[in-house]
Structure formats: C-alpha cells, structure tokens
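Per-entry structural report
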Amino acid sequence: MRWDGQAVDADDGALPGLERAGLVRSVQTPEFDGITFHEVLCKSALNKMPEESQLPFRFTVNAFRGCSHSCRYCFARPTHEYLDLDAGRDFDSQIVVKTNVAAVLRKELGRRSWKREHVALGTNTDPYQRAEGRYRLMPGIIRALAESATPFSILTKGTLLRRDLPLLTLAAQQVPVSIGVSLAIHDPDLQKSIEPGTPTPKARLDLIRAITDAGLPCNVMVAPVIPFLTDSVRHLDGLLESIADAGASGVTVFPMHLRGSTKGWFMNWLSTEHPALVRQYRQLYGRAAYVPPEYTSWLKQRVDPLVDRYGLGGAANHREAGQTEAVEPARGELVGVGRPGPALTLF
C-alpha cells in the first residue's frame with residue numbers, strides 16, 4: 001500500500017510512524033479490550049501490484065493494516081514495521097483503519113482510465129476482522145465495485161462476512177464475485193492457540209455453508225499447512241471431509257512459509273507450546289522462508305487423493321476464486337488443486 005506522504009496535521013500521542021499514514025486520531029473502546037484503532041485518511045484505495053508479482057490480479061484494496069486475528073504465521077506482520085510498529089503484539093493490537101477508503105475507491109473507479117480489472121480484497125489483512133464490525137467499511141467498498149462494473153474477490157477468516165451476504169448476492173448479479181474462506185486448522189484447541197483471534201473452525205464451516213446456501217460458490221484456502229502439526233492424514237482427512245460437507249466448491253492447499261520477522265514470532269510460539277518440534281523446524285526451514293521442494297511434493301502426494309475423494313478439485317479457476325492474502329508470490333506450487341503455478345501466499 002502507498003502510505004508515504006499521507007500525513008495530516010494531527011498528533012495525539014499515538015505510536016511513532018503513524019503520522020506518515022495520515023493519522024486523524026487513535027481510539028480505544030471497552031468492547032475491543034487491548035486494541036487501539038488508529039484512524040487515518042488515505043489518499044489512495046486501489047493498490048497496483050508490481051508486474052513481477054505474477055499474481056492473477058493487478059489491483060487490491062485493503063481497508064486495514066494490522067489484524068486482530070493474531071495468527072502466529074501471518075506473512076503480513078513485517079508490514080507494520082514500516083510504521084515503526086513491531087511485527088508481533090503491535091500487529092495484533094494496533095490496527096490502522098482507512099476510514100475514507102470507500103469514498104476514495106469510488107472516486108478512483110470513476111476515472112476514465114479505469115479498465116474495470118479484477119480487484120482482490122483481503123490481500124494484506126482480513127477485511128472482515130473484528131474492526132469491520134465497528135467501522136462497516138466493506139458495504140461501501142462492495143457497492144463501489146459493483147456499481148462501477150468491477151469484478152472482485154474476497155478472502156477471509158471472518159464470519160462477519162455473513163452480514164454482507166445479501167449485498168454480495170446482489171453484486172454477483174452485476175459483476176463476477178469470488179468468495180474464499182480460509183480454514184487450515186480443524187483441531188479447535190490448536191486453532192485457539194495459533195489463531196487466537198479467529199472464529200472457530202465450526203463457525204467458519206457454518207460460514208461456508210451460508211455462502212453456498214446464498215447461491216455463491218466458495219473456495220476454501222487450506223493454508224498454511226503447518227508441518228508436524230496439521231499435515232497428518234488424520235487431520236487433513238477430517239478437515240477436507242468437513243469442508244466438503246459444508247458445500248465448498250474446491251480447496252487450495254499449500255504449506256506454511258515464514259518470512260522476515262514472522263519467523264521469529266512463530267518460532268517463539270513454537271518453543272513455548274511445542275518445544276520438541278523446534279529442532280525439526282530448524283532442519284526443515286534452516287535459514288530459508290520456505291519448506292524444501294521435497295516437503296511440498298510429499299504434501300501434494302498426501303493431499304491429492306483426499307481432494308479427489310471428497311470432490312474438492314473444483315473449477316479450473318481456483319487461482320481466481322477467493323484470491324489470496326499476498327503482496328508477492330511464494331516459491332512453490334499449489335498443492336492438490338488446479339494447475340501448477342506460483343503459490344498464492346495467503347500467509
């Protein structure tokens with residue numbers, strides 16, 4: 001996102017670096033205990049991806065920076081460091097909100113130069129994290145895209161999307177709309193430990209069913225698969241069976257990667273919760289951010305029969321449905337669905 005040069009004359013004692021983001025005020029409320037919202041005025045809503053990204057979309061919109069989902073593995077954590085915030089607890093609790101994003105987006109979509117290219121939502125942090133319940137930015141974003149005849153996709157872990165299903169159903173009558181739900185952990189205890197701010201697996205399965213009941217296809221991102229914790233046949237089989245029962249149109253599966261400061265944050269959690277795995281992780285990842293190709297191939301061989309068993313191969317356009325939470329492509333391939341290609345890095 002383009003945050004340089006967006007400052008306004010405001011200084012209310014907020015954390016350093018936020019003035020560069022166009023800070024208006026910082027807010028804390030009792031119903032969001034431990035979270036500070038930093039409200040900013042953005043000058044741009046559409047973010048153009050670099051040509052070298054090799055992603056199946058060129059434009060994204062992100063209403064937030066930081067995410068209260070608090071996923072230990074989230075690839076977007078280092079982006080907080082550009083605001084002089086840390087990639088750990090600050091990322092989870094210091095949420096930057098672009099309060100005028102819908103109005104700015106509508107203006108950008110109204111330009112004669114806009115060619116109505118696909119726009120991906122949820123490419124940095126979740127558009128339906130808890131902050132959306134307070135700020136209600138997504139309805140304005142959805143309306144702006146639909147009314148400008150711009151196709152779009154949404155990827156989320158947030159069950160708050162259910163609120164906007166009537167609006168999304170109407171939008172899908174005007175433009176192509178793709179919805180993806182991220183669900184990679186079937187064990188509720190592990191999910192609570194590693195994704196403490198996200199809805200439960202059951203709640204997300206119910207969301208998948210609600211989406212399909214509304215007549216919209218739903219692709220599920222079974223990602224990241226976490227080595228030695230969620231890559232067993234038992235875990236994957238139970239997860240994919242539940243996803244199929246919920247009516248998903250297909251799945252996309254790939255292993256976890258750990259870039260930048262995200263790696264340290266995840267490894268700190270691992271050393272506390274699963275110390276016996278630390279040595280194996282050091283061997284598996286070494287100094288790299290990605291698992292070796294051998295692991296990816298092994299995972300593919302394990303997942304493909306399960307995908308076939310539950311009919312989750314889906315349509316040929318998985319790389320367009322639901323999109324991803326990435327600002328750059330990962331090394332590796334999609335596992336279990338579609339044609340080989342750059343892994344779309346949700347995490």
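Reference entry: report on the structure contained in this document. None of these values were measured; they are calculated from a predicted model.

1. A closer look at the overall build of the protein chain
Secondary structure summary: the protein chain contains eleven helices and 13 strands in total. Of the contacts formed within the protein chain by residues at least 6 apart in sequence, a portion of 75% connects residues at least 24 apart. Within the structure as shown, the protein chain displays about 14500 Å² of accessible surface, and the carbon and sulfur contribution to it stands at 50%.

2. Brief notes about the nonpolar core
One finds Ile 141, Phe 152, Leu 168, Ile 243 and Phe 266 to be the most contacted residues of the largest nonpolar core, which totals 92 residues. For this core, the element with the highest residue contribution is helix 4 (residues 138-147), accounting for six residues. Residues in contact with Ile 141, not counting those within four places in the same chain, are Val 61, Ala 63, Val 101, Ala 102, Leu 105 and Leu 121.

3. Focus: the side chain of Arg 77
As for its position among the elements, Arg 77 is in the loop between strand 5 (64-65) and helix 1 (89-93). Judged by its relative accessible area of 0%, Arg 77 is buried. The residues touching Arg 77, leaving out its near neighbours within four places in the chain, are Ser 70, Cys 71, Arg 72, Ala 87, Gly 88, Phe 91, Asp 92, Thr 262 and Trp 265.

Conventions adopted
- Residues numbered from 1 in each chain as written.
- Predicted model: local features only at pLDDT ≥ 70, side-chain atom pairs only at ≥ 80, totals over all residues.
- Heavy atoms only, no water.
- Helix = DSSP H or I, 4+ residues; strand = E, 2+ residues; numbered from the N terminus.
- Contact = heavy atoms within 4.5 Å.
- Areas by Shrake-Rupley, 256 points an atom, 1.4 Å probe, with all protein chains shown as cover.
- Core = buried A, V, L, I, M, F, W, Y, C linked by side-chain atoms within 4.5 Å.
- Buried < 20%, exposed > 50% of the residue type's maximum accessible area, 1.4 Å probe, protein only.

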